Amino acid sequence: MNFRDFFELASFVVTVVGLPFAIGVFLFEQRRERENEEEEGYQLLSDAYNDFLKIVLANSDLQLRTNTALPNPTPEQNERMLVIFDMLISLFERAYLVAWKDDMSNTEQRRWNSWDDYMREWCRRDDFYNALPLLLRGEDPGFQSYIKRVAQEERGTVILS
């Protein structure tokens, strides 16, 4: 085998074996990078919810982590509660826009289920549920439909807009 035949055989091997292998490695790395970006996005949302809970804790007089609404809140407490609920709806909408898909993988579905659980928990609260028509004004239509459906499932009643 002469020098020219050797290089011709080597280029054939690279074309037949090396190129498909390189494409496979490239696609694998792209998928892994996309999964890492999705995980990072989920982690940022999770951190934002934890930050939200710190605000709830700082306003413990509003009793937002109890199952029942605060009896006879003052006007100032109502105002703070509405601002906190507004922050929560913004966070839920962001989670919906980032994490919700019609067709999710098992990992995506598992991540979304925690957000769905949070939404269901809050929709069971009378004060949050009653504020939804006000809170949902101007929000994404898909998100509005989703959270209204969740609220209806949790409460058994339809939200009047």
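Residues numbered from 1 in each chain as written. Predicted model: local features only at pLDDT ≥ 70, side-chain atom pairs only at ≥ 80, totals over all residues. Heavy atoms only, no water.

1. Points about a nonpolar patch on the surface
Phase 1 of the analysis: On the surface, Met1, Phe3, Phe6, Phe7, Leu9, Phe12, Val13, Val16 and Val17 cluster together to form a nonpolar patch covering roughly 990 Å² of accessible area.
Phase 2 of the analysis: The residue Leu9 is located in helix 1 (residues 3-58) in this model. (Patch = residues over 30% accessible without salt bridge, like charges linked within 9 Å, V, L, I, M, F, W, Y side chains within 5 Å. Areas by Shrake-Rupley, 256 points an atom, 1.4 Å probe, with all protein chains shown as cover. Salt bridge = Lys/Arg side-chain N within 4 Å of Asp/Glu carboxyl O. Helix = DSSP H or I, 4+ residues; strand = E, 2+ residues; numbered from the N terminus.)

2. Concerning helix 3 (residues 106-123)
Phase 1 of the analysis: With 18 residues, helix 3 should cover 26 Å at 1.5 Å per step; its first-to-last C-alpha distance of 25 Å lies within 8% of that length.
Phase 2 of the analysis: Inspection of helix 3 places Glu108, Arg111, Trp112, Ser114, Trp115, Asp116, Met119, Arg120, Trp122 and Cys123 among the buried residues, and these make up the whole buried set.
Phase 3 of the analysis: The elements touched by buried residues of helix 3 are helix 1, helix 2 (75-99), helix 4 (126-135) and helix 5 (141-155). (Expected span 1.5 Å × (residues − 1). Buried < 20%, exposed > 50% of the residue type's maximum accessible area, 1.4 Å probe, protein only. Contact = heavy atoms within 4.5 Å.)

3. Some thoughts on unusual backbone geometry
Phase 1 of the analysis: Of note, the phi angle at Gln63 is positive, near 50°, even though the residue is not glycine.
Phase 2 of the analysis: In this structure, Asn72 is a non-glycine residue whose phi angle is positive, near 55°.
Phase 3 of the analysis: Accessibility expressed as a relative area gives 74% for Asn72, which makes it exposed.

4. Remarks on the environment of Ser60
Phase 1 of the analysis: Relative to the helices and strands, Ser60 resides in the loop between helix 1 and helix 2.
Phase 2 of the analysis: The class of Ser60 is exposed, set by a relative accessible area of 51%.
Phase 3 of the analysis: Considering only alpha carbons, one finds Ser60 and Arg149, 89 residues apart in sequence, at a separation of 29 Å.

5. Digging into the packing of helix 2 against helix 5
Phase 1 of the analysis: Put simply, helix 2 and helix 5 touch, their axes get as near as 10 Å, and they point 110° apart. Classified by the angle between their axes, helix 2 and helix 5 sit roughly perpendicular to one another. Residues Ile89, Phe92, Glu93 and Tyr96 of helix 2 lie in contact with helix 5, whose contacting residues are Gly142, Phe143, Tyr146 and Ile147.
Phase 2 of the analysis: Counted by class, the contact of helix 2 with helix 5 contains six nonpolar, one polar and one charged residues. (Axes fitted to C-alpha atoms, helices over the stretch in contact; angles between N-to-C directions. Parallel < 35°, antiparallel > 145°, perpendicular 65-115°, else oblique. Nonpolar A, V, L, I, M, F, W, Y, C, P; charged D, E, K, R; others polar.)

Note that every value here comes from positions in space, so none of it alone points to a role or purpose.
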